[in-house]
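What follows is the residue order along each chain.
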Amino acid sequence: HFVPSSTLSESYKALRTSLNFLCTENNLKTVLFTSSSPGEGKTSIVVNVAITMAQIGQKVLLIDGDLRRPVVSKLFGLEQTPGLTDVILGNYEWHNVVRTITDLMMGRLSIEDIMRTPGMDNLHIMTSGTYSPNPAEIINSRSIGEFLNNAREEYDIILVDAPPVLAATDAALWSSRVDATVMVYQVGKVARGAL
């Protein structure tokens, strides 16, 4: 977004292209991003992939599914609540908690930043919501399946940022709810056996 012609930006575009081919060939609409341990860059990657997909005109829903250590709302300067947990608990209709370009303008990104990248109006974000003492129960609820089924009808792709696999069962539960899982790995960060 900030340096669109950089090598790093081109790498994200290449990842987007590969992911698009995979999704088109296999009719996938929901993709989970996780890692083996914290600090491997999964949130940075899913956020940048979401932005690059929005840039080519795809209607993208980015969900902060890390209910233990949510970061997506902070990256975009958005309020964390209401969000996913509030929808699952029945406190809000899911359409009412999805953040759009208007919310991004009110957050950390300035109008100049948003105008620099065409297609940002295609990026929609659902934050994690109100803190839940038991995230596994939220993720495993029937309501989350219903929400994802409804969202699949309105979006070209849904990207979920999940917690690391070794830290909690959340990513494993999420993976049963989505069409595909991307495992982010930082070379040398974790032992091969743990990976």
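Remember, it's a predicted structure, so these values are computed and weren't measured experimentally.

Draft legend 1. Structural detail: the pattern of salt bridges. Summed over the entire model, instances satisfying the criterion amount to five salt bridges. In this structure, arginine 68 engages aspartate 170 in a salt bridge whose closest nitrogen and oxygen atoms are separated by 2.8 Å. With arginine 68 in the loop between strand S2 (60–64) and helix H3 (72–76) and aspartate 170 in helix H9 (residues 170–175), this pair connects stretches of sequence that are 102 residues apart. You can call aspartate 170 buried: its relative accessible area is 0%. The salt bridge involving arginine 152 is made with aspartate 179; its shortest N-O contact spans 3.5 Å. Placement of arginine 152 in helix H8 (residues 142–154) and of aspartate 179 in the loop between H9 and strand S5 (180–184) is noted, with a sequence separation of 27 residues between them. In this structure arginine 152 comes out as buried when scored by relative accessible area, which is 18%. Through salt bridges with shared partners, a single network forms among Lys42, Asp66 and Asp161.

Draft legend 2. The nonpolar core, seen in detail. In terms of nonpolar packing, the biggest core is built from 27 residues, with Leu62, Phe76, Leu123 and Leu159 touching the most fellow members. For this core, the element with the highest residue contribution is helix H2 (residues 42–55), accounting for seven residues. Counting residues in hydrophobic clusters, the runner-up holds 26 residues, among them Leu61, Phe147, Ala151 and Val178.

Draft legend 3. Quick look at the packing of aromatic side chains. Scanning the model with the defined rule gives two aromatic pairs in all. Pairing tryptophan 94 with phenylalanine 147 gives two aromatic rings, centres 5.5 Å apart and planes at 65 degrees, and the pair type is edge-to-face. Pair noted here: tryptophan 94 is in the loop between helix H4 (84–88) and helix H5 (101–106) and phenylalanine 147 is in helix H8, with a separation of 53 residues, a long-range link. The burial state of tryptophan 94 is the same as that of phenylalanine 147; both residues are buried. With 6.3 Å between their ring centres and 55 degrees between their planes, tryptophan 94 and tyrosine 155 make a pair best called tilted. With a gap of 61 residues between them, tryptophan 94 in the loop between H4 and H5 and tyrosine 155 in the loop between H8 and strand S4 (157–161) connect regions that are remote in the sequence. For tryptophan 94, a relative accessible area of 5% puts it in the buried group. Among the aromatic side chains, those forming a connected cluster through ring pairs are Trp94, Phe147 and Tyr155. Its guanidinium or amino end placed over the ring of tyrosine 155, lysine 59 lies 5.1 Å from that ring's centre, counting from NZ or CZ.

What counts and how
Residues numbered from 1 in each chain as written. Predicted model: local features only at pLDDT ≥ 70, side-chain atom pairs only at ≥ 80, totals over all residues. Heavy atoms only, no water. Salt bridge = Lys/Arg side-chain N within 4 Å of Asp/Glu carboxyl O. Helix = DSSP H or I, 4+ residues; strand = E, 2+ residues; numbered from the N terminus. Buried < 20%, exposed > 50% of the residue type's maximum accessible area, 1.4 Å probe, protein only. Core = buried A, V, L, I, M, F, W, Y, C linked by side-chain atoms within 4.5 Å. Phe/Tyr/Trp six-rings, centres within 6.5 Å; stacked < 30°, edge-to-face > 60°. Lys NZ or Arg CZ within 6 Å of the ring centre and 35° of its normal.

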